[in-house]
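Coordinates in review
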Amino acid sequence: MQIVHMSDLHVGARPHNEKIIYNDIIDAFNESMDLVIREKPDSLIIAGDLFDSPKPDNDSLKIVINRFKEVTNSGIPIILAHGEHDTPGRKESTILQVLSSAIPNVYAPLYESKSNEDENTMFLNVVKESKISLNKLDIYVYPYKKVNLDMRKTLADKLLKIYDKEIKSSNNKTIFVAHFSIDPYLIFDAVADVQKLPNANYIALGHIHERIINKKDKFFVYPGSLYPLSISEMKNKERGPILVDLSGDEPDIQELKINIRDNLFARISIEEEKDILNKLRAGIEVKMKGILNKNKEPIIYLDIEKTKDVYSRSIIQAITKIENEFNVHIIPELRNIEKKESSYNVKALNRGSLDPFNILINELKLSDNTAKLLLDLRDMALEGDESKVIEIFDKLSKESLDELKRLI
Ligand SMILES: [Mn+2]
């Protein structure tokens, strides 16, 4: 008897508005579904955050529906737990319930309380209705409620005891599925401590984006995020679905691997315009030595500290050059050195077809000089440098007045 356990896929996420990561996450999802179909487990369990949003974009939705149909058509039922990201804030049907209505053998239990039941009856019903029985396997899906932490703690205190009781009374193999943190693994939003987890044969968790495999006392697993969604998630090297064999006394797990590109982090400091290229090159070169996946161009999150004499735009232009030189994708974050006390970040500028320099020249037919002055004006205004702003205004009125009048 085998199941596949996944969590925190975050399909539809587009961190830093990067299309490359959006596509990567979809690739990671597709690759995982290929593995699931290949392994043919008795069920696929997703312990929350299948989607990054309660209203995913249509492309994400279409891909998930098509792949889920393939999975269920090959005889693998899918059990979905609601997560923080794919549960809507207000009372309405969830996207997971929509999937469950649309595709046979997709389950997404979420208890809706009835007005006439007392509290104890309700808790009992929550637990009973969260149970999915599939061929000698009882799966219990803990409900995710979008309420504040104190309320979720109170709920967990009551529900986990009832789950434990119910699970003990089962004659089948049991799986408990939940999307929450537990103390001491992630304290800040833990709903209970680890001892409170019910005594199921296997506990399929989600929410913590780091991979945790615990075999002592209670057997539980956090598969971790399928793809690194931020710099803090990069240290996780193991990514992919968890294959769990429940035939023996103890679950036997196998970590299936998917092939994602490297996500790295580098930090550089630029003090003068003339150093931009060399500093970028040096910063990237060091990181390129540590690349594990040689087949896919890596993503490098580049934290750039700069003095205010260095224009953001000059850095962004140089980055495009460095990306081609090293075959990397850089996600820049710019900060001014002088302004450490304020947390103000100079956001990276748009590149490619939306490059504002190109727009000013090609669309508005401005000269290079005027376009440069206007962008400098924008940069200096963003960076709050009043004296530079006045200086640029002065230049514009001397050198570009005729051009600008033409635009009015
Ligand atoms: Mn998540």
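In this report, the structure presented in the accompanying data block is examined. (Residues numbered from 1 in each chain as written. Predicted model: local features only at pLDDT ≥ 70, side-chain atom pairs only at ≥ 80, totals over all residues. Heavy atoms only, no water.)

**Let's talk about helix H1 (residues 19–39)**
For clarity, the threshold we go by: The numbering of helices and of strands both runs from the N terminus, where a helix is a DSSP run of H or I of at least 4 residues and a strand a run of E of at least 2. Working rule for helices: expected span equals 1.5 Å times residues minus one.
For H1, built from 21 residues, the straight-helix expectation of 30 Å at 1.5 Å per residue is met to within 8% by its first-to-last C-alpha distance of 30 Å. Downstream of H1 by one or two residues, Lys 40 has phi in the positive range, about 50°.

**Thoughts on the pattern of salt bridges**
Threshold: Put simply, a salt bridge is a Lys or Arg side-chain nitrogen that is within 4 Å of an Asp or Glu carboxyl oxygen. Here's how the labels work: a residue is buried when its accessible area is under 20% of the maximum for its type, exposed when over 50%, partly exposed in between, all with a 1.4 Å probe on protein chains only.
If you walk through the whole model with that rule in mind, you get 22 salt bridges. Between Asp 303 and Arg 335 there is a salt bridge, with its nearest N and O atoms 2.6 Å apart. Of this pair, Asp 303 sits in strand E16 (residues 299–306) while Arg 335 sits in strand E17 (residues 329–336), placing them 32 residues apart in sequence. Across the pair Asp 376 and Lys 372 runs a salt bridge whose closest N-O atoms are separated by 3.2 Å. Of this pair, Asp 376 and Lys 372 both sit in helix H9 (residues 368–382), 4 residues apart, which is roughly one turn of that helix. Asp 376 gets classed as buried once you look at its relative accessible area, which sits at 3%. Here the salt bridges share partners, and the residues they tie into one network are Arg 267, Asp 303, Glu 305 and Arg 335.

**Points about the coordination of the manganese ion**
Put simply, the ideal angle at a metal is 109.5 degrees for four donors in tetrahedral geometry and 90 or 180 degrees for six donors in octahedral geometry. Applicable threshold: Water is not among the atoms examined, so metal sites may look incomplete; donors are the N, O and S atoms within 2.8 Å of the metal, or within 3.2 Å for Na, K and Ca.
Bound to the manganese ion are the protein donor atoms Asp 8 (OD), His 10 (NE2), Asp 49 (OD) and His 209 (NE2), situated 2.1 to 2.3 Å from the metal. One chain supplies every donor for the manganese ion, spaced along it as D-x1-H-x38-D-x159-H. Taken together, the positions of Asp 8 in the loop between strand E1 (2–6) and H1 and His 209 in the loop between strand E10 (202–206) and strand E11 (212–214) put the pair 201 residues apart, joining distant regions of the chain.

**Looking at the nonpolar core**
For the record, the criterion: We define the nonpolar core as a collection of buried residues of types Ala, Val, Leu, Ile, Met, Phe, Trp, Tyr and Cys that are connected through side-chain atoms lying within 4.5 Å of one another. For every domain, the bounds stem from an assignment made automatically or drawn from a database. The contact rule is simple, with two residues in contact once any of their heavy atoms fall within 4.5 Å.
By size, the foremost hydrophobic cluster in this structure holds 43 residues, and its most contacted members are Leu 44, Leu 50, Phe 51, Phe 68, Leu 80 and Leu 99. Counting residues per element, the ones that place at least two in this core are E1, H1, strand E2 (43–46), helix H2 (58–73), strand E3 (78–80), helix H3 (95–102) and E16. Counting contributing residues per domain, this core is built from domain 1 (2–255) and domain 2 (261–349), each supplying no fewer than three. Residues within four places of Leu 80 in sequence aside, it is in contact with Ile 46, Leu 50, Phe 68, Leu 96, Leu 99, Val 106, Tyr 107, Ala 108, Pro 109 and Val 141. Tyr 111, Ile 162, Ile 182 and Ile 212 belong to the second largest nonpolar core, which has 28 residues in total.

**Notes on the sheet that holds E17**
Put simply, the rule is: Between any two strands, at least two bridges found by DSSP are needed for them to pair. Every axis corresponds to a line fitted to the C-alpha atoms, with the helix fit spanning only the stretch in contact, and the corresponding angles, defined between N-to-C directions, vary from 0 to 180 degrees.
Reading across from one edge, E15-E16-E17 is the order of the 3 strands in this open sheet, with parallel pairing throughout. Edge strands, defined here as strands with exactly one partner in the open sheet, are strand E15 (263–270) and E17. Each adjacent strand pair in this sheet contributes to an overall mean axis angle of 20°, direction not counted. Both E16 and E17 contribute to a ladder of 8 bridges, which runs parallel. Residue Ile 304 lies in a different strand from E17, and its bridge partner there is Leu 334. Across the sheet, helix H6 (residues 276–288) touches E15, E16 and E17, and the angle it forms with E15 is around 150°. Strands E15, E16 and E17 of the sheet are contacted by helix H7 (residues 312–326), whose axis makes an angle of about 160° with E17.

**Re the layout of surface pockets**
The condition is simple: Buriedness of a pocket was judged along seven lines, with at least five required to meet protein on both sides within 12 Å; pockets are open sets of points on a 1 Å grid over the protein atoms alone, cavities are sets where a 1.4 Å probe fits but cannot get out, and lining residues have an atom within 4 Å of a point. Grid points are joined across faces, edges and corners, and a volume is the space filled by probe spheres set on the points. Here the term charged refers only to Asp, Glu, Lys and Arg, the term nonpolar to Ala, Val, Leu, Ile, Met, Phe, Trp, Tyr, Cys and Pro, and the term polar to all other amino acids, Gly among them.
A volume near 670 Å³ is recorded for the largest pocket. Those elements that place two or more of their residues in the lining of the largest pocket are helix H4 (119–129) and helix H5 (149–168). A per-element tally of the lining of the largest pocket places H5 first, with 5 residues. Considering only residue class, the lining of the largest pocket consists of 12 nonpolar, 7 polar and 8 charged.

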